[in-house]
Amino acid sequence: MISQVVVLIAGLITPRLMIATYGSEINGLVSSLNQFISYLSLVEAGIGGAAIYSLYKPIAENEHSRISSIVVAAKKSYTHAGYLFSAGLFALAAIYGIFASRGSLDFWTVFILALLLGSNGCIDMFLVSGYRVLLTADQRNYVIQIAGIINTIIRTGLIITLAVNDINVVLLFLIVAISPVIKAILILAYARKQYGFLDKNASPDKSALNKRYDVIYQQILGMIQVGAPTILATILLNLVWVSIYSVYNMVIAGINGILGVFISGLPAGFGDMIAKNESENLKKTVSEFEVIYYWILSVIYGLTLVLIMPFISIYTNGISEVNYYYPLLGAVIVLNGLLYNIKTPQSMLIISAGMYKETRWRVTLQALIIIVASTLLGLKFGMIGIILGSCVSNFYRIIDMLIFIPKNITHLPTWNSIKRMFVVLVNIGIIFVPSFFFMPATDNYAQWTGVALLYAIYAMAVTSISSYIFDKKLFKDSISRVANMINRERKH
């Protein structure tokens, strides 16, 4: 949670500085390059998940030789992936440089920026990833999170210092590239001390990575879903619109990161129930989770709808080169974020049940919908059309999951989930309506925070009342479950 908060704060600071110092076009360029680079990282898809899964048993049984064999195999796979990533990065830098140089940016600025932004991926694949899978499997992910927090703080501090002094943007990212090096050193130092028994010359256990290809396809399609708006805006519109979208999406990404904290680790728990065929326990727990998750979702996205435009207004105050205030765009982006997250209880169960092959054609159709719909609507309506295309694909996936999950996993009545989703929409509407009549001045962050607190109290009251009315027993059971979890944590 601390890591998510740090990332959120850093994500708020950095784009504002980039826009104010270097302009919207450079900020759009950085956002677009980062999205393309994230696609290149798919060369390592599946390696980590397969290696982590294979390490559980030898770690539990303290089999040092087998641990060494799996880690060596993972390192070799990551090294091969690193070579492919590096080659792809050079190709991306050259192609993007040629493409962008047709505008106001020169080839070498774009080329070098792409290499610097991709250096983090190279460092991770060549140096850190083998140890990262071991730390994760050994339930020492906190080490990676702490190193990540330090990296984010150093990176943000350097960007603030250099941008305020108007340092050349290429030189800025060259200096900032030191932060992932520090992160790598911290992880390597800890891992080598903690796992001194690792044999670097052990024979690699290639069979440990057999499950890699079961998840690659899903990861690719998932990244298309998340990254399509940025890529299509780059192709169909321009880098200024990419910058505008990145500011709004920064808010949604932060919200999604916070929501992710509440489901962290849950897929494994549901997976255990599914594996043990505990059908009644699964039904009860899934229902309780839906109630509590949709309560959280209603509050967070109700507040987001109310507060996003006042926040954008404060955040972009003083930027005159480009208009960032588009209320309709803000509403559509919030809607897309809501549709993306409202299916989380269902999509999480697909992971828990390991039904990747069974849902392959379904997520393929979702990816095709977002590409086709966003392209057609984007050509007609611009950025708003691109986001509406994402809304269409998410809406399709919601319907699909409401059919697939009850039939194949939970065997619960579909109507229950539909009712809860509808209540979420009603809750958000009730939370939002008063903002038409009561919206105190929000000219600075202090005033905005005050309004946010007032609406948060109101939002929690609205969602609690509706949950009590429509899911009285499950709402009480969910509160009891959360209270018991908190009491156990206090005792420990």
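Shown above is the structure to which this text applies.
## Quick word on the overall build of the protein chain
The helix and strand tally for the protein chain stands at 19 helices and 0 strands. Its C-alpha atoms give the protein chain a radius of gyration of 23 Å, near enough to 23 Å, the size a compact globule of 492 residues would have. Principal-axis analysis of the C-alpha atoms gives the protein chain an extent of 65 × 60 × 45 Å. Burial analysis of the protein chain (492 residues in total) assigns 50% to the buried set. Taking the contacts inside the protein chain whose residues are at least 6 apart along the sequence as the reference set, 84% of them involve residues at least 24 apart.

## Details of the nonpolar core
If you look at the biggest cluster of nonpolar residues, it comprises 132 residues, and the most contacted ones within it are Leu29, Leu55, Phe173, Leu297 and Tyr301. Considering every element that reaches this core, the biggest residue donor is helix H12 (residues 279-315), with 20 residues. Ignoring sequence-local partners within four residues, the contact set of Leu55 consists of Ile67, Ile70, Val71, Val133, Leu134 and Ala137.

## Here we look at helix H2 (residues 24-40)
The end-to-end C-alpha distance of H2, which contains 17 residues, comes to 24 Å, matching closely the 24 Å that a straight helix rising 1.5 Å per residue would cover. Listed in full, the buried residues belonging to H2 are Ser24, Ile26, Asn27, Gly28, Leu29, Val30, Ser31, Ser32, Leu33, Gln35 and Ile37.

## Things to note about a nonpolar patch on the surface
A grouping of Met1, Val5, Ile9, Ile13, Ile160 and Val164 is seen on the molecular surface, where their side chains present a nonpolar patch of about 530 Å² in accessible area. Within the fold, Ile13 resides in helix H1 (residues 2-22).

## A look at the pattern of salt bridges
In the structure shown here, the tally under the stated rule is 8 salt bridges. Linking Asp124 and Arg132 is a salt bridge whose minimum nitrogen-to-oxygen distance equals 2.9 Å. Two residues, Lys419 and Asp471, come together in a salt bridge whose shortest N-O distance is 3.7 Å. Residue Lys419 is found in helix H17 (residues 414-432), and its partner Asp471 is found in the loop between helix H18 (445-470) and helix H19 (472-491); the two are separated by 52 residues along the sequence. Each member of the pair, Lys419 as well as Asp471, is classed as buried.

## Notes on helix H13 (residues 327-342)
In a regular helix each residue adds 1.5 Å, so 16 residues correspond to 22 Å; H13 covers 22 Å between its end C-alpha atoms and thus fits that length. Listing the buried residues of H13 in full gives Leu329, Gly330, Val332, Ile333, Val334, Asn336, Gly337, Leu338, Leu339, Asn341 and Ile342. Packing partners of the buried residues in H13 comprise helix H10 (239-263), H12, helix H14 (344-353), helix H16 (383-410) and H17.

## Focus: unusual backbone geometry
Even without glycine at this site, Asp166 takes up a positive phi of about 55 degrees. The topology assignment puts Asp166 in the loop between helix H6 (141-164) and helix H7 (169-176). By relative accessible area, which is 53% here, Asp166 ends up exposed.

## Things to note about the packing of H1 against H6
At a closest axis distance of 10 Å, the pairing of H1 and H6 adopts a crossing angle of 20 degrees. Judged on the interaxial angle alone, H6 and H1 are roughly parallel. Note on packing geometry: the crossing formed by H1 with H6 is left-handed. Facing H1, whose interface residues are Ile2, Ser3, Val6, Val7, Ala10, Ile13, Thr14, Leu17, Thr21 and Tyr22, H6 presents Gln145, Ile149, Thr152, Ile153, Thr156, Ile159, Ile160, Leu162, Ala163 and Val164. Residue classes in the contact of H1 with H6 are distributed as 14 nonpolar, 6 polar and no charged.

Definitions and limits used
- Residue indices follow the written sequence of each chain, beginning from 1 at its first position.
- For a predicted model such as this one, the threshold for reporting local features is a pLDDT of at least 70, and the threshold for listing and counting side-chain atom pairs is 80 or more; totals across whole chains, interfaces and linings nevertheless cover every residue.
- As a rule here, side-chain values come from all non-hydrogen atoms in the structure, and water together with hydrogens is ignored.
- Starting at the N terminus, helices and strands are each numbered in turn, a helix being any DSSP run of H or I of at least four residues and a strand any DSSP run of E of at least two.
- Throughout, radius of gyration means the C-alpha value; the globule benchmark is 2.2 Å times the number of residues raised to the power 0.38.
- Between buried and exposed lies partly exposed: a residue is buried under 20% and exposed over 50% of the maximum accessible area for its type, with that area taken using a 1.4 Å probe on protein chains only.
- Throughout, a residue-residue contact means that at least one pair of heavy atoms, one from each residue, lies within 4.5 Å.
- The set of buried Ala, Val, Leu, Ile, Met, Phe, Trp, Tyr and Cys residues whose side-chain atoms join them within 4.5 Å is what this entry labels a nonpolar core.
- Each helix should span, by expectation, one fewer than its residue count multiplied by 1.5 Å.
- Patches here: salt-bridge-free residues with over 30% relative accessible area, like charges joined within 9 Å, nonpolar side chains (Val, Leu, Ile, Met, Phe, Trp, Tyr) joined within 5 Å.
- All accessible-area figures derive from a Shrake-Rupley calculation using a 1.4 Å probe, and residue coverage is judged against the displayed protein chains alone.
- One side-chain nitrogen of Lys or Arg within 4 Å of one carboxyl oxygen of Asp or Glu is enough to make a salt bridge.
- Only the stretch in contact is used when a helix axis is fitted, and all axes are lines through C-alpha atoms; the angle between N-to-C directions ranges over 0 to 180 degrees.
- With respect to orientation, any angle under 35 degrees is reported as roughly parallel, any angle over 145 as roughly antiparallel, any angle of 65 to 115 as roughly perpendicular, and every other angle as oblique.
- Take the far helix as the reference: if the near one is turned anticlockwise from it by less than a right angle, the crossing is left-handed, and if turned clockwise, right-handed.
- Amino acids outside the nonpolar list (Ala, Val, Leu, Ile, Met, Phe, Trp, Tyr, Cys, Pro) and the charged list (Asp, Glu, Lys, Arg) are all regarded as polar, and Gly is one of them.

Taken by themselves, the reported measurements are silent on function.
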